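Coordinate inspection notes
Letter by letter, the chains look like this.
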Amino acid sequence: VPSCEVLPPLMEELDRAGVKDEQITIIFGLGNHRPHSREEQEELVGKEIFARLKCLDHNPHDCISLGETSRGTPVEVFRPAAEADFIIATGNIELHYCAGYTAGNKALMPGICSKRSIEMNHRFMMESGTAPGKLVGNPMREDIEEAGAKAGVGFILNVVLSPENKIIRAVAGHRIRAHREGAELVDKIYRRPIPHRADIVIASPGGSPKDSSLYQVQKGLENAGRAVRKGGIIILAAECGEQYGEPLFQEWITRARSIDEPIQWIKEGFQLGAHKAAALCRVLMEKTAFLVSEMPRHMVEDCFFSYGHSVEEALEKSFAQLGGDAKILVMPNANTTMPLIESKN
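Residues numbered from 1 in each chain as written. Predicted model: local features only at pLDDT ≥ 70, side-chain atom pairs only at ≥ 80, totals over all residues. Heavy atoms only, no water.

**Describing the side chain of Ser-293**
So the rule is basically this: Helix numbering and strand numbering both begin at the N terminus, where a helix is a DSSP run of H or I of at least 4 residues and a strand a DSSP run of E of at least 2. N or O atoms closer than or at 3.5 Å make up a polar contact, with two conditions inside protein: a donor-capable atom paired with an acceptor-capable one, and, for residues adjacent in sequence, both atoms drawn from side chains. A contact between two residues is defined here by any heavy atoms of the two lying within 4.5 Å.
With respect to the helices and strands, Ser-293 occurs in the loop between strand 13 (288–292) and helix 12 (297–302). Polar side-chain contacts of Ser-293 include one of 3.0 Å to the backbone nitrogen of Met-295. Not counting residues up to four positions away in its chain, the partners in contact with Ser-293 are Ala-238, Glu-239, Cys-240, Val-300 and Gly-308.

Structural data, given as structure tokens:
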């Protein structure tokens, strides 16, 4: 979310309501991702707001229990938020491979919760109903909404971005109703009908920070997998400057000796971080994938990808395998685009 654009009008509104700067704390929701540097925090909110207001990363080890959801997920929220008089959640609404969509109450769960809370919520990814674009009957999303209610999320300000990452719509108000209005626009832009599954899909997650690590890139691979036929080939172009991006994900994906092992391990015992190793392998069981990145060849091949020195080289090898008349689909924003098949291939 472009917080440096979203926050100034929000601060103006709070100022008009008589809220003083010293009463406001900006929390960066990390979920299960790495902390920010001070430079990254300043870049996210802008120099003026960073200098004016208290800004801090969420700490998953300093949380207060606010009870449980009806599904038994503990709602353990970062202390400064749990003790606040009012919580405003900001975010960017996109399709999400398990929770239906990002943003809304997702800024709280998993954004600023304990690792135990996040892990318990994410275990629902293995259940039926978890899917991109699905809200009703999605156990993960419904659990997230309950957590937001328990924590007292009082207001949201969410945006919808264009493929060029420009704000094209803002929705604000009730934590569910406003989010649903934004989700309707996301559907119109990012659910893309295709006549049939392609033989080859060339996909980019959508640039930085969506391609910062393999942990993040998994979302784009998931959507690309929906667009390519069984036995087809995905060419994933992603920088992956931070390489694996998450320690447990790295441990599982490099320890596995066969592509089905992480899927079996996650069924035997869900572990946050490792869940993306299982999700990645679930796609690669049915499709071949080249990874064109900054990661060394041995790392790429340890993750069950074929190494691609360049997109051109990977495409040449794909044609050699599938034939020169193979049909190609290009997904320049794969992390946020969901292909819809008009007719089954």
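**A closer look at the environment of Lys-317**
Applicable threshold: Per-residue accessibility, obtained with a 1.4 Å probe over protein chains only, is compared with the maximum for each type, and a residue is labelled buried under 20%, exposed over 50%, and partly exposed between these values.
Mapping Lys-317 onto the fold places it in helix 13 (residues 311–322). On the basis of relative accessible area, Lys-317 is assigned to the partly exposed category, the value being 37%. Taking the C-alpha atoms as reference points, Lys-317 and Phe-290, separated by 27 residues in sequence, lie 9.7 Å from one another. Beyond its immediate chain neighbours, meaning those up to four positions away, Lys-317 contacts Phe-290 and Tyr-307.

**Comments concerning the packing of aromatic side chains**
Put simply, the test is: Pairs were defined over the aromatic rings of Phe, Tyr and Trp, the Trp ring being its six-membered one, requiring ring centres within 6.5 Å. Orientation was assigned from the angle between planes: stacked under 30 degrees, edge-to-face over 60, tilted for the rest. Note on criteria: charge over ring means Lys NZ or Arg CZ within 6 Å of the ring centre, with the direction from the centre no more than 35 degrees off the ring normal.
Following the criterion strictly, the structure yields two aromatic pairs and no others. Consider the rings of Tyr-215 and Phe-249, whose centres lie 5.8 Å apart with planes at 75°: the pair is edge-to-face. Pair noted here: Tyr-215 is in helix 8 (residues 214–227) and Phe-249 is in helix 9 (residues 247–255), with a separation of 34 residues, a long-range link. Accessibility expressed as a relative area gives 3% for Tyr-215, which makes it buried. A ring pair is formed by Trp-252 and Trp-265, whose centres lie 5.4 Å apart and whose planes are at 85°; its orientation type is edge-to-face. One end of the pair, Trp-252, is in helix 9; the other, Trp-265, is in helix 10 (residues 261–268), with 13 residues separating them in the sequence. Over the aromatic face of Trp-265 sits the side chain of Arg-255, whose NZ or CZ is 4.1 Å from the ring centroid. Positioned above the aromatic ring of Tyr-215 is the side chain of Lys-276, whose terminal nitrogen or guanidinium carbon lies 4.6 Å from the ring centre.

**Quick word on the state of the cysteines**
For clarity, the cut-off: We call a pair of cysteine sulfur atoms a disulfide when they lie within 2.5 Å.
Under the criterion given, the structure shown has zero disulfides. Cysteine Cys-55 remains unbridged, with the sulfur of Cys-4 as its closest cysteine sulfur at 12 Å. The thiol sulfur of Cys-240 is not disulfide-bonded, and the nearest other cysteine sulfur, from Cys-303, lies at 9.0 Å.

**Some points on the pairing of strand 9 (residues 167–173)**
This is how the line gets drawn: Strand pairing is assigned whenever DSSP identifies at least 2 bridges connecting the two strands.
Note that strand 8 (residues 153–161) and strand 9 share six bridges and pair antiparallel. Bridge pairing in strand 9 places Leu-161 opposite Ile-167. Between the antiparallel neighbours strand 8 and strand 9 lie five residues, among them Asn-165 with a positive phi of about 65°.

**What to know about helix 10**
Keep this limit in mind: For this quantity, the arc is that covered by the directions from the helix axis to the C-beta atoms.
Among all positions of helix 10, only Pro-262, Ile-263, Trp-265 and Ile-266 are buried. Projected onto a plane normal to the axis of helix 10, the buried residues spread over an arc of 165° and lie on a single side. Pointing more than 90 degrees away from the buried face of helix 10 are the exposed residues Lys-267 and Glu-268. Where helix 10 is buried, its residues touch helix 9 and helix 11 (275–284).

**Section: the sheet that holds strand 11 (residues 198–203)**
Selection criterion: Working convention: axes come from line fits to C-alpha atoms, limited for helices to the stretch in contact. Angles between N-to-C directions cover 0 to 180 degrees.
Overall, parallel pairing links the five strands, which are arranged 14-13-12-11-15 in an open sheet. The strands lining the two open edges of the sheet, one partner per strand, are strand 14 (306–307) and strand 15 (328–331). Taken together, the five bridges between strand 11 and strand 12 (residues 228–237) define a ladder with parallel strand orientation. Note on strand 12: the bridge partner recorded for Ala-198 is Val-228. Along the sheet, helix 13 makes contact with strand 11, strand 12, strand 13, strand 14 and strand 15, crossing strand 12 at roughly 165°.

**What about unusual backbone geometry?**
The omega torsion of the bond from Met-109 to Pro-110 falls at 15°, within 30 degrees of zero and hence cis. Within the element layout of this structure, Pro-110 appears in the loop between strand 7 (100–101) and helix 5 (115–122). In this structure, the amide linkage connecting Ser-208 to the following residue, Pro-209, adopts the cis form with an omega of 0°. By secondary structure assignment, the location of Pro-209 is in the loop between strand 11 and helix 8.

Treat this as a map of the structure, not an account of what it does.
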